[in-house]
Amino acid sequence: MIVLTLIVKVLILGLMTIPRPALGASLESYKNQKPWLESFEAGLESFEGKNFDQAALELDQVIAKAPISDQLAQAYVLKGAIDKLQGQPQSAVRQYQYAYDVYQKTSQSPLAARQLVHIANTYKDFLSQYGLALRHYEEAEKIFTEFGLEDERLSAVIDRGNTYLDIGQSDLALSTLENSLARIQPSTQWMPWTRAALMVARVQYRRGTYDEAGQYLKVIEKILEHAMGAPDLRSSLKMRSHVDTIKIDVANLKALVAGESGFGLVAIETLKKTLAEDGIPPQKRATLYNNLGYWLREEGAPEEALLVHKKAFEIDRTLYQGDNANIAFDYRNLGLAWLAQGDESVAAGYLQDALRLSLTLGIPYNGGFSALGLGDIAAMSDRWSEAQSYYQKAFELANAVGAKNLEWFALSQGGQASLIQGDVDFAVSQFERAYDIAKKIQEQIGNQRARLAFKSHKKYQTLVAQYLETLRSLGRDRESMVVETEFGEGY
């Protein structure tokens, strides 16, 4: 059985406020009148003790015998949590829906709205059904608004903003999250503020504005440092769980920002250090492994990269069933890892699956990287027309979500494919667009050392070299001199 993770902690936290009958003689009398209550108490105790199989058996007795009541609704909530932990998300959705129905029948709309959030989270995190997730978040927000539950409404809004980011709608994600931040006081509402700020940092990272992402991460770290010194943190499992979760996410994103800013070895060191910590939930551990594998590939360690990508895949196979975004990410990473090892056939199989799943589930960012890898495979076999088609697909998917780091590289690769096919004019236009995007990214990096690291990256240097050579071949010497001057500035 998986040890208690942060995910389980959060599920338990939501159940610690379950009202129980008064203790003592009154409880025994109550149980005699309603014998199913003993099963409820036993099920709750087993759940809190992480004996989920026994908890499910006890809760089934409650569901079979209890009338419409708070305990019946809570039994469904617990069953939903167990189903989710045991890899049965569809069943979890049904249990939460049953709990919602009971709370509605007992005129407890705010508690019913919490079930809508449980349903939305399951659709988003486990089933990759983002449209259904958004609909349930919005329904929950309306109920929370009606009853004046602002903190719970903000939490649902933040989850909705995160969903927009998952499906690549970065502008909508940013506006939703920034509107939430404007309503939250970081000094008194530091938990929702740090959640929302972390999501904004993720948007800025996707957009290639690494300095802005880094600034948010620094503020989050300061707030967490202050929160960790608060006296009530030691007595609050909810606060400690939040701090632990956000610290992992901040470390992960800091590594990605460092890598994209030209410090791949720093990214690797940060990710390895985070993975060495105890208590990392499986879901987050798989993400960390995949990001570590990416930077190991970038820094020339393909064998180690393949090993950690396999670890991520093994974790995700135990957590998810059927078509899922996390499995699509694993396919893409395994494909690129096998490609780095030189096994184009195995790589192509994984990348095709990754692209198919990404298009089906509506996750263009992952689809873009998958198409890019398929383009590289085609190029290795001199299938340049096919390669160019994949590179164009990668650019379109990246452009749809504003993923500038992927946009410029897809254009650069597409320019190379066009050049080899003899279409010099189109090639130079591709190089020019790629150069302009990449130049804007590096200009937005405020730190001089990080900016130089970005310019020193092999991918960027290859782009500049190809662009200059193509300009000169067309006799566009003045333009080539401008690019050469711009590239040399700061060295």
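Presented here is an overview of the structure given in this document.

Analysis parameters
- Residues numbered from 1 in each chain as written.
- Predicted model: local features only at pLDDT ≥ 70, side-chain atom pairs only at ≥ 80, totals over all residues.
- Heavy atoms only, no water.
- Axes fitted to C-alpha atoms, helices over the stretch in contact; angles between N-to-C directions.
- Helix = DSSP H or I, 4+ residues; strand = E, 2+ residues; numbered from the N terminus.
- Parallel < 35°, antiparallel > 145°, perpendicular 65-115°, else oblique.
- Left-handed = near helix turned anticlockwise from the far one by under 90°.
- Contact = heavy atoms within 4.5 Å.
- Nonpolar A, V, L, I, M, F, W, Y, C, P; charged D, E, K, R; others polar.
- Buried < 20%, exposed > 50% of the residue type's maximum accessible area, 1.4 Å probe, protein only.
- Expected span 1.5 Å × (residues − 1).
- Phe/Tyr/Trp six-rings, centres within 6.5 Å; stacked < 30°, edge-to-face > 60°.
- Lys NZ or Arg CZ within 6 Å of the ring centre and 35° of its normal.
- Core = buried A, V, L, I, M, F, W, Y, C linked by side-chain atoms within 4.5 Å.

Where helix 5 (residues 70-85) contacts helix 6 (residues 89-105), the axes come no closer than 8 Å and their chain directions differ by 165°. On the basis of their axis angle, the class for helix 5 and helix 6 is roughly antiparallel. Once helix 5 is placed against helix 6, the crossing between them reads as left-handed. Facing helix 5, whose interface residues are D70, L72, A73, Q74, Y76, V77, K79, G80, A81, D83 and K84, helix 6 presents P89, S91, A92, Q95, Y96, Y98, A99, V102 and Y103. Of the residues assigned to the contact of helix 5 with helix 6, the class counts are 12 nonpolar, 4 polar and 4 charged.

A separate point is unusual backbone geometry. Despite not being glycine, K50 shows a phi value in the positive range, around 70°. Note on placement: K50 falls in the loop between helix 3 (36-48) and helix 4 (52-65). Residue K50 is classed as partly exposed on the basis of its relative accessible area, which comes to 30%. One non-glycine residue, S128, lies in positive phi territory at about 55°. Within the secondary structure, S128 is located in the loop between helix 7 (109-125) and helix 8 (130-146). Its relative accessible area of 4% is what places S128 among the buried residues.

By secondary structure assignment, the location of G279 is in the loop between helix 14 (264-275) and helix 15 (282-298). Separated by 35 residues in sequence, G279 and D244 place their C-alpha atoms 9.0 Å apart.

In this model helix 13 (residues 237-260) runs 35 Å from its N-terminal to its C-terminal C-alpha over 24 residues, within 8% of the 34 Å that 1.5 Å per residue would give. A positive backbone phi angle near 105° is found at G262, which sits one or two residues after helix 13.

This structure, assessed with the given rule, holds 15 aromatic pairs. Geometrically, the ring pair formed by Y76 and Y98 is tilted, given 5.2 Å between the ring centres and 50° between the ring planes. Linking Y76 in helix 5 with Y98 in helix 6, this pair joins segments that are 22 residues apart in sequence. Given a relative accessible area of 13%, Y76 falls into the buried group. Where Y365 meets F369, the ring centres are 5.3 Å apart and the plane angle is 80°; that geometry is what we call edge-to-face. Taken as a pair, Y365 and F369 lie in helix 19 (residues 364-380) at a separation of 4 residues, close to a single helical turn. Relative accessible area serves as the criterion here: at 14%, Y365 is assigned to the buried category. F369 sits in the buried class, given a relative accessible area of 11%. One Lys or Arg, R206, reaches over the ring of Y365 and ends 4.1 Å from the middle of that ring. A cation sits over an aromatic face here: K455 above F487, 5.8 Å from the ring centre.

What follows deals with the nonpolar core. Counting residues in each nonpolar core, the largest one holds 121 residues, and the members touching the most others are W190, Y205, I220, L253, W408 and Y460. Beyond its immediate stretch of four places on either side in the chain, I220 contacts W193, T194, A197, L198, I246 and V250. Core analysis: the next-biggest nonpolar cluster, separate from the first, contains 40 residues, A66, L72, V93 and A156 among them.

For helix 19, which comprises 17 residues, the first-to-last C-alpha distance of 24 Å matches the rise-based estimate of 24 Å (1.5 Å per residue) to within 8%. Of all 17 residues in helix 19, 16 are buried; the element is thus mostly enclosed. D382 occupies a position one or two residues after helix 19 and carries a positive phi of about 60°.

Direction vectors running N to C along helix 17 (residues 325-341) and helix 19 enclose 25°, while the axes themselves pass 10 Å from each other. On the basis of the axis angle, helix 17 is roughly parallel to helix 19. Judged by the sense of rotation from one axis to the other, the crossing of helix 17 with helix 19 is left-handed. Taking contact as the criterion, the partners of A328, F329, R332, L336 and L339 in helix 17 are, on helix 19, N366, F369, S370, G373, D376, I377 and M380. Grouping the constituent residues of the contact of helix 17 with helix 19 by class yields 7 nonpolar, 3 polar and 2 charged.

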